[in-house]
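Take a look at the letters that make up each chain.
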Amino acid sequence: MSSLALLAENATSTGAATPADFMAARQQMAFTLGFHIILASIGIGLPAITLLAEWRSLRTGDAVYAELARRWMKAAGVLFAVGAVSGTVLSFEMGTLWPGFMDTYGQVFGAAFALEGIAFFIEAIFMGVYLYGWDRLSPRAHFLTGIPVVIGGLLSASFVVTVNAWMNQPRGFRLENGRVTDVDPLAAMFNPATPTQAVHLLLASLMVCGFIVASVYAVALLRDARAGRVDRYHRLGFAIPFSLGAVCAPLQVLVGDWAVRFVADNQPVKFAAMEGVEHTEAGVPFRFAVLEIPNALSLMLKFDANATLRGLDSFPEDVRPPAEVVKTSFELMIAIGTALLALAAWWGLAWWLRRRSGGARAELPWRPWFLRLAAASGVAASVAMLAGWTTTEVGRQPWIVYGVMRTEEAVNPNPGLRYGLYIVLVVYAVLAAATISVLRRMRRRPVPAAADGPSTPPEDETGATTTTEEPAADREAAGKETVGTGETRSGR
């Protein structure tokens, strides 16, 4: 009998949530988490991209880098504020939707949330200093105030992901007669799943942010191409974040393989659902959509073409996750990740050929078909991240804490949870519309002169300086040009 059927049968007699409210609670958590995780990814990646642009500005005196850094950090400030709202909603939902979970195990992973709060405050304080410090601090001091923003974002995300890792591999406590005893917060935080999940999430966040930002400039470059002009501002605005995404893409493939092997060893039922292994057998083929390679899955996982892998039929029906959902989301993540890897490889090859040719202009990466694919990469990377989270969360079902507490045991038993879902959908729709409206207004460049450069830019596609150098006096003068708001870079 399915978990929902059992829930429906016992709802009246035990006071448990109705199936409709239980499903509404899961849908609300999934929606708000999906909304927040994209904002969190931008919050992790965009400050890093901004600092890279500002570092190039300090090194070269180039006003275009300075303008990019200024505009990116303003956008990061807006998205940080929206992310703070959505993150606060998530923290309230943990208590209002899943009180059984928080009441029983809150003391185990509470330290991780406390450390996340400290990291968040550090990030917020220094982001305020960084934004306010434009033209008020020396260039070097201003750059240094951005470093804690990046570190705070990375630490904040890492501490949060330790909680999710703990839900997959619970450690650091003992259960005695249904009560938690002998709590060890450090053992809970640094559980076996923490290294794989933390590295996988941080790389995914940098990759998603890089492709999202680059996709905006890819659209602008397509517009410029149709107008028959070359805009160096948009080229650099594309090259910096796209290069970050391109570097992270192959690393993510390696970390993803590590994560899948970890799941196969520690959550075999989730692995069987991910790979669509219905029956326990030796020499399991690798199946992906319509593709099937005999014995390949056994060979890839165990380095033995005839190795036996457990199938879903070897597990009781009431502990199996929704296999089709898990398999579809996993395949979607893999397909998009492979496509992004191919796009990143093309970009890397073009960069290498340019460097090998001694700085001769390479037109291939700027062809319309490449830019169209790059323009789609931001949405594609976001979908891949959401598909990955679906694989992780749905694949753990029916457990909220793997092997210890079932999800229906954690849900709020009070009626009316579905009305909260309706309210959240409306509020988030308004929040998303307002955010998009603000960002669209911010995209207008008040001083176009800084973006107009020679048809052959002095930087290559990744922003690295070529053999064509500007005189030192010109670079110094460029550093005093107006950037964006009409204030001078040297007037800090």
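This is a predicted model, so every value here is computed, not measured. (Residues numbered from 1 in each chain as written. Predicted model: local features only at pLDDT ≥ 70, side-chain atom pairs only at ≥ 80, totals over all residues. Heavy atoms only, no water.)

1. Overview of the overall build of the protein chain
- Looking only at helices and strands, one finds 15 helices and 8 strands in the protein chain.
- In the protein chain, which comprises 492 residues, the proportion classed as buried is 50%.
- Taking all contacts inside the protein chain whose residues are at least 6 apart in sequence as the whole, residues at least 24 apart take part in 77%.
- With an accessible surface of roughly 22,500 Å², the protein chain has 66% of that area assigned to carbon and sulfur atoms. (Helix = DSSP H or I, 4+ residues; strand = E, 2+ residues; numbered from the N terminus. Buried < 20%, exposed > 50% of the residue type's maximum accessible area, 1.4 Å probe, protein only. Contact = heavy atoms within 4.5 Å. Areas by Shrake-Rupley, 256 points an atom, 1.4 Å probe, with all protein chains shown as cover.)

2. Thoughts on empty space enclosed by the protein
- Using the criterion set out here, one finds 2 cavities of 30 Å³ or more in the structure.
- The calculated volume of the second largest cavity comes to roughly 40 Å³.
- For the lining of the second largest cavity, the secondary-structure elements that each account for two or more residues are α2 (19-60), α3 (63-96) and α4 (99-132).
- Residue composition of the lining of the second largest cavity, grouped by class: 7 nonpolar, 1 polar and 1 charged. (1 Å grid on protein atoms, 1.4 Å probe; cavity = no way out; pocket = protein on both sides within 12 Å on 5 of 7 lines; lining within 4 Å. Points joined across faces, edges and corners; volume = space filled by probe spheres on them. Nonpolar A, V, L, I, M, F, W, Y, C, P; charged D, E, K, R; others polar.)

3. Re the pattern of salt bridges
- Under the definition given, this model contains 10 salt bridges.
- Between E393 and R396 there is a salt bridge, with the nearest N and O atoms lying 3.2 Å from each other. Taken as a pair, E393 and R396 lie in helix α12 (residues 368-396) at a separation of 3 residues, close to a single helical turn. A single burial state applies to E393 and to R396, both of which are buried.
- Because the salt bridges share partners, they merge into one network encompassing R174, E176 and D182. (Salt bridge = Lys/Arg side-chain N within 4 Å of Asp/Glu carboxyl O.)

4. Points about the confidence of the model for the protein chain
- The predicted model of the protein chain has a mean per-residue pLDDT of 81, with 84% of residues at 70 or higher.
- When the criterion is pLDDT under 50, residues 1-15 qualifies, and its contacts beyond four places in sequence or with other chains add up to 22 contacts. (pLDDT = per-residue confidence, 0-100.)

5. Comments concerning the nonpolar core
- In this structure, L46, W72, F238, F242, W347 and M385 are the most contacted members of the largest nonpolar core, which totals 71 residues.
- The element best represented in this core is helix α7 (residues 194-227), accounting for 17 residues.
- For L46, the contacting residues outside a window of four places in its chain are W72, A75, A76, C209 and V213.
- Among the nonpolar cores identified, the runner-up in size contains 28 residues, and W98, F101, A119 and V401 belong to it. (Core = buried A, V, L, I, M, F, W, Y, C linked by side-chain atoms within 4.5 Å.)

6. Remarks on a nonpolar patch on the surface
- A cluster of nonpolar residues, W346, L349, W351, W352, L353, W369 and L373, forms a patch on the protein surface that exposes about 680 Å² of accessible area.
- Mapped onto the nonpolar patch, the elements with two or more residues apiece are α11 (323-356) and α12.
- In terms of residue count, the dominant contributor to the nonpolar patch is α11 (5 residues). (Patch = residues over 30% accessible without salt bridge, like charges linked within 9 Å, V, L, I, M, F, W, Y side chains within 5 Å.)

7. Quick notes on the environment of V89
- Relative to the helices and strands, V89 resides in helix α3.
- V89 sits in the partly exposed class, given a relative accessible area of 23%.
- Distance in space between the C-alpha atoms of V89 and L33 is 9.4 Å, their sequence separation being 56 residues.
- Each residue touching V89, except ones within four places of it in the same chain, is listed here: T32 and Y428.

8. Some remarks on the packing of aromatic side chains
- Per the stated rule, a full pass over the model turns up 25 aromatic pairs.
- Their ring planes at 70 degrees and their centres at 5.4 Å tell us that Y105 and F173 sit as a pair that is edge-to-face. Of this pair, Y105 sits in helix α4 while F173 sits in the loop between α5 (139-168) and β1 (174-176), and the two are 68 residues apart along the sequence. Of the two residues, Y105 and F173, neither departs from the other in class, the shared state being buried.
- Here the aromatic cluster, defined as three or more aromatic residues joined through ring pairs, consists of F211, F238, F242, W346, W347, W369 and F370.
- Of note, R136 hangs over the ring of Y132, and the distance from its end group to the ring centre comes to 4.2 Å.
- Over the ring of W399 we find R406, and its NZ or CZ is 5.3 Å from the ring centre. (Phe/Tyr/Trp six-rings, centres within 6.5 Å; stacked < 30°, edge-to-face > 60°. Lys NZ or Arg CZ within 6 Å of the ring centre and 35° of its normal.)

9. A short note on α4
- Taking 1.5 Å of rise per residue, the 34 residues of α4 would be expected to cover 50 Å, yet its terminal C-alpha atoms sit only 40 Å apart, more than 12% below that figure.
- The largest bend along α4 measures about 80 degrees and falls at G106. (Expected span 1.5 Å × (residues − 1). Bend = angle between axes of the 7 residues up to and from the residue.)

10. Quick word on α2
- Taking 1.5 Å per residue, 42 residues should reach 62 Å; α2 reaches 61 Å between its end C-alpha atoms and fits that length.
- Residue G61 follows α2 closely and has a positive phi angle near 70 degrees.

11. Considerations on the side chain of S377
- Secondary-structure assignment places S377 in helix α12.
- Since its relative accessible area comes to 1%, S377 is described here as buried.
- The contacts of S377, once residues within four sequence positions are left out, are F211, S215, F242, L340 and L343.

12. Quick notes on the side chain of Q169
- Its place among the elements puts Q169 in the loop between α5 and β1.
- Note on Q169: relative accessible area 5%, which makes it buried.
- In this structure, Q169 is in contact with N191, P192, A193, F262, N266, Q267 and Y402, ignoring residues within four places of it in sequence.

13. What to know about unusual backbone geometry
- Here the residue pair Q397 and P398 is connected by a cis peptide bond, since its omega of 10 degrees sits within 30 degrees of zero.
- One can find P398 in the loop between α12 and β7 (399-401).
- Phi is positive for D135, close to 65 degrees, though the residue is something other than glycine.
- Of note, D135 is situated in the loop between α4 and α5.
- A relative accessible area of 11% means that D135 is categorised as buried.
- Although it is not a glycine, D182 adopts a positive phi angle of roughly 50 degrees.
- Inspection of the secondary structure assignment puts D182 in the loop between β2 (179-181) and α6 (185-189).

14. What to know about the packing of α2 against helix α8 (residues 232-266)
- Running from N to C, α2 and α8 cross one another at 125 degrees; their axes reach a closest spacing of 10 Å. In terms of their interaxial angle, α2 and α8 are classed as oblique. Crossing of α2 against α8: the hand is right-handed. Contacts between α2 and α8 pair I49, L52 and A53 from the former with I240, P241 and L244 from the latter.
- Tallied by class, the residues present in the contact of α2 with α8 amount to 6 nonpolar, no polar and no charged. (Axes fitted to C-alpha atoms, helices over the stretch in contact; angles between N-to-C directions. Parallel < 35°, antiparallel > 145°, perpendicular 65-115°, else oblique. Left-handed = near helix turned anticlockwise from the far one by under 90°.)

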